[in-house]
Each structure stands twice: as structure tokens, then as C-alpha cells.
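Here is how the chains run, residue by residue.
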Amino acid sequence: MYRQWSAGQHAQCAGPGLAYGQGLFETLTLIEGKPQGWQLHMQRLALGAERLGIPFDNSLSDALSDDLVKLLAATESLPERTVLKMILTRGAGGRGYAVTEPLTPNRILQLNPFPVWPADPQTNGIRVMLCETRLGLNPQLAGIKHLNRLEQVLARSEWQQPDISEGLVCDMEGYLVEGTMSNLFWTRNGELFTPDLTYCGIDGIIRQRLIERARELQIKVNIGRYQPADLLDADEVFLTNSVIGIWPVTECVSTGLQQRWQIGTLSRQLNQWLAEEQ
């Protein structure tokens, strides 16, 4: 199953959004046609639009909602779970980097099948590796999901082994940031740790929700700049995003970081909470 809805001025043209990466995207899970975390995704999209100089207001948020309604109406059979990808670009324009005229942002919505993971990673956990590809430091682009994903593509190309499900990525200074498609958490002595994303990385919606939930449970949350060695004495490690939910990490197999972890109680507790909140 694959469906797409495009809207906006010259929606099929590349323009600066697709030519130069001047655009944003959000990936959501739909459960029985209902988007999960819609408001949080809209908030991040608005933040990204402000950073990239893309006009964004309530009318654009409403337009995206209407686009989704039309896309769902055009879909004959909708599974219980579906993946929605929303792309917002600066709009069509001429050659060059300069923006010389007011443009209407383009909106592209895609429905894709929900991934199937036969090994049941939420229950059994996953193996990861530490990637050699590093993320550049740029606070202006940190946190948002802009269209330039070349660093993630390069990091993901570092392994082909089917038993490795994700790669951990550091920044140019050697500090842990995230996975190639996920956010990173670990626990130690009852406290929760996650990398600081001030300089690079994506501030995931599930990441935001889990930090808030941990604080509600009076669990101390530590957000800082940590090196791979800080994972060696972790009690449990897990990864998150809006499609996978929470995947516990049971082993890192890289030369630079070889370690095993148990699937802990906090990741299972938070996974259960996420399931109940949907």
C-alpha cells in the first residue's frame, strides 16, 4: 500500500525544498486512521519552519489536517496501523539559493505500510553498533527534522548485517547524540540519561513524551553530553521513535563499544505506558 497527496503552488516541482533541502518532514503512526501525537508533531514542524524561513501558521496546520482527511478518504482499505510521512517544503522557485519572492509552501503526505519486525524487538531487544560517521554541529538545525539526511544515510550504510537493527551516532567531538533513526536513552542507579541535542540530532516526539513521563514518575532525568564509554555501566539501554515506540538494546557489537545489557523494568514500564496512551 502506498498513497500520496500533494498540495501547494507547483507541488510537483522540486524548488528550493527538494533541490537544496529547504524543507521539513514528520513521521507519524496512524492507529485506525488516528494520528498519534499530532499536536507535538505540529509544534516541531512549526519550530522547524521558523528556523528555515518557511511561513507557518494555524491555517497551514489546518491544511495539513485537511490533506490527511482527503488522503484517508482516497484509501480503500486502511490497516489498523499505518505510517504517515508529511513533507513541507519552501515552495517552487528559480535557480540559486536566494529567496526573491513570497512562495507558498508545498505539502506532501504519504501513507506507507507499517513495518513488520519478525524478531519482535520491543519484547526481545536489539543489537546495535557504534557508527564511525559523525554528525556536524549546528544549533540552528538541531532538534528539527529537516530534509537533509545525508549524515544518517552514510551512517546507515556502515552495516548490512541483518542481526544489527540500529547504529549509534556521535557528533564531531565524540559525544553520543542518537541512533540513525532513533533517540537514545539509558538508565543507571534508577536515573534516566539521554544526550543533549543542543548542537545536533532530532528531538523526537517519543523522546519528549518519555522525558515528561519520567519526571511525572519522579525519576531524575539527566540530559547532557556523554561519550560512548558512559554506556558501559548502564543498567539498561533503549531507543525510541514514533514508529518503533521503544526498543530495548541488548548488545553493542562494535570494536569501539562492546557491551551487553539486560532488558530492564523501566523500558518495559514506559513501553506499557505508551501502549495505553495510544
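Provided above is the structure to which this section pertains.
Observations concerning the side chain of Glu26
Inference 1: Summarising the element assignment, Glu26 is placed in strand E2 (residues 23-31).
Inference 2: Among the polar contacts made by the side chain of Glu26, one reaches the side chain of His41 at a distance of 2.6 Å.

Section: the pairing of strand E4 (residues 81-89)
Inference 1: The buried count for E4 comes to seven of nine residues, which makes it a mostly enclosed element.
Inference 2: Summarising the sheet, E2 and E4 pair through nine bridges and their orientation is antiparallel. Along E4, the bridge assignment pairs Leu30 with Thr82.
Inference 3: Across eight bridges, the pairing between E4 and strand E5 (residues 106-113) is antiparallel. Pairing of Ile87 across the sheet is with Ile108, part of E5.

A look at the packing of aromatic side chains
Inference 1: With the rule as written, the count across this model stands at six aromatic pairs.
Inference 2: Centroid distance Trp186 to Phe193: 6.0 Å. Interplanar angle 5°. Geometry classified as stacked. An identical accessibility class is assigned to Trp186 and Phe193; each is buried.
Inference 3: Through a chain of ring-to-ring contacts, the aromatic side chains of Phe114, Trp117 and Trp247 assemble into a single cluster.
Inference 4: Its end group placed over the ring of Phe114, Arg81 keeps NZ or CZ at 5.8 Å from the ring centre.

Observations concerning helix H2 (residues 38-52)
Inference 1: Compared with the 21 Å implied by 1.5 Å per residue over 15 residues, the 21 Å span of H2 between its first and last C-alpha is a close match.
Inference 2: Each element contacted by the buried residues of H2 is listed here: E2, strand E3 (34-35), helix H3 (58-73), E4 and helix H6 (205-216).
Inference 3: Taken from the residues just after H2, Gly53 is the one with a positive phi, measuring 75°.

Here we look at unusual backbone geometry
Inference 1: The phi dihedral of Asp120 is positive, around 55°, even though this residue is not glycine.
Inference 2: Unlike most non-glycine residues, Asn189 shows phi in positive territory, near 55°.
Inference 3: As for its position among the elements, Asn189 is in the loop between strand E9 (183-188) and strand E10 (191-195).

Some points on the nonpolar core
Inference 1: With 20 residues, the main nonpolar core has Trp186, Leu231 and Val237 as its most contacted residues.
Inference 2: Listed by contribution, the elements that provide at least two residues to this core are strand E6 (126-135), strand E7 (166-171), E9, strand E12 (236-241) and strand E13 (245-254).
Inference 3: If near-sequence neighbours (up to four positions away) are discounted, Trp186 is found in contact with Leu176, Glu191, Leu192, Phe193, Thr194, Pro195, Tyr226, Asp230, Leu231, Ala234, Glu236 and Val237.
Inference 4: Of all hydrophobic cores here, the second largest spans 19 residues; its members include Leu24, Leu84, Leu109 and Ile144.

Things to note about the pattern of salt bridges
Inference 1: Considering all chains together, one arrives at ten salt bridges under this definition.
Inference 2: Two residues, Glu173 and Arg225, come together in a salt bridge whose shortest N-O distance is 2.9 Å. Of the two residues, Glu173 is situated in the loop between E7 and strand E8 (176-179) and Arg225 in the loop between strand E11 (221-224) and E12; the sequence distance between them amounts to 52 residues.
Inference 3: Arg225 sits in the partly exposed class, given a relative accessible area of 33%.
Inference 4: A salt bridge links Glu251 to Arg260, with the shortest nitrogen-to-oxygen separation between them at 3.6 Å.

Examining the packing of H2 against H3
Axes are the key here: two packed helices are described by the angle between their axes and the distance separating the axes.
Inference 1: Orientation of H2 relative to H3, taken along the N-to-C sense of each, is 130°, at an axis distance of 11 Å. Relative to H3, H2 is oriented oblique. In terms of crossing hand, the pair formed by H2 and H3 is right-handed. Between H2 and H3, the residues in contact are Trp38, Met42 and Leu45 and Ser61, Leu64, Ser65 and Leu68, respectively.
Inference 2: Residue classes in the contact of H2 with H3 are distributed as five nonpolar, two polar and no charged.

Calculation rules
Residues numbered from 1 in each chain as written. Predicted model: local features only at pLDDT ≥ 70, side-chain atom pairs only at ≥ 80, totals over all residues. Heavy atoms only, no water. Helix = DSSP H or I, 4+ residues; strand = E, 2+ residues; numbered from the N terminus. Polar contact = N/O pair within 3.5 Å; in protein donor to acceptor, adjacent residues only side chain to side chain. Buried < 20%, exposed > 50% of the residue type's maximum accessible area, 1.4 Å probe, protein only. Pairing = 2+ DSSP bridges. Phe/Tyr/Trp six-rings, centres within 6.5 Å; stacked < 30°, edge-to-face > 60°. Lys NZ or Arg CZ within 6 Å of the ring centre and 35° of its normal. Expected span 1.5 Å × (residues − 1). Contact = heavy atoms within 4.5 Å. Core = buried A, V, L, I, M, F, W, Y, C linked by side-chain atoms within 4.5 Å. Salt bridge = Lys/Arg side-chain N within 4 Å of Asp/Glu carboxyl O. Axes fitted to C-alpha atoms, helices over the stretch in contact; angles between N-to-C directions. Parallel < 35°, antiparallel > 145°, perpendicular 65-115°, else oblique. Left-handed = near helix turned anticlockwise from the far one by under 90°. Nonpolar A, V, L, I, M, F, W, Y, C, P; charged D, E, K, R; others polar.

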